[in-house]
Amino acid sequence: MNHFPCVMTLKVDTASVTQLRRMVTRICGDSLEFIRIEICEHGTRMKVWLCVGAAMVAPVMDAVMQSLPGAEFGRFTQTSHY
């Protein structure tokens, strides 16, 4: 089993960032390595990088798709470093 973290990228509406952060923190617990957030699309959307344990990718994706249907998933990269 591979234990390297996975960096997930996605875009969400600016108003959804706090909800996303809380949800990911609750789901991942100690498996959450970091969250990076950057303003994009003139402040209407936020680009988010989540670094989570590989086993958390599917639960995070499911929760995001159910709670934030406007979210757009980007690249997923499994890495041994950031």
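Residues numbered from 1 in each chain as written. Predicted model: local features only at pLDDT ≥ 70, side-chain atom pairs only at ≥ 80, totals over all residues. Heavy atoms only, no water.

(A) Spatial organisation of the packing of helix α1 (residues 17-28) against helix α2 (residues 57-67). Two numbers describe how α1 lies on α2: the axes approach to 10 Å, and their chain directions differ by 145°. Classified by chirality, the crossing of α2 by α1 is right-handed. Listed contacts from α2 to Gln19, Leu20, Met23, Val24, Ile27 and Cys28 of α1 are Pro59, Val60, Ala63, Val64 and Ser67. Looking at the contact of α1 with α2 residue by residue, the classes come out as nine nonpolar, two polar and no charged. (Axes fitted to C-alpha atoms, helices over the stretch in contact; angles between N-to-C directions. Helix = DSSP H or I, 4+ residues; strand = E, 2+ residues; numbered from the N terminus. Left-handed = near helix turned anticlockwise from the far one by under 90°. Contact = heavy atoms within 4.5 Å. Nonpolar A, V, L, I, M, F, W, Y, C, P; charged D, E, K, R; others polar.)

(B) Geometry of the side chain of arginine 45. Tracing the sequence through the fold places arginine 45 in strand β3 (residues 45-53). Under the relative-accessibility criterion, arginine 45 is labelled buried at 8%. There is a polar contact of 2.7 Å between the side chain of arginine 45 and the side chain of aspartate 13. At 3.3 Å, the side chain of arginine 45 and the backbone oxygen of glycine 70 are in polar contact. Filtering out sequence-adjacent residues up to four positions away, arginine 45 remains in contact with Lys11, Val12, Asp13, Thr14, Glu38, Ile39, Cys40, Gly70 and Glu72. (Buried < 20%, exposed > 50% of the residue type's maximum accessible area, 1.4 Å probe, protein only. Polar contact = N/O pair within 3.5 Å; in protein donor to acceptor, adjacent residues only side chain to side chain.)

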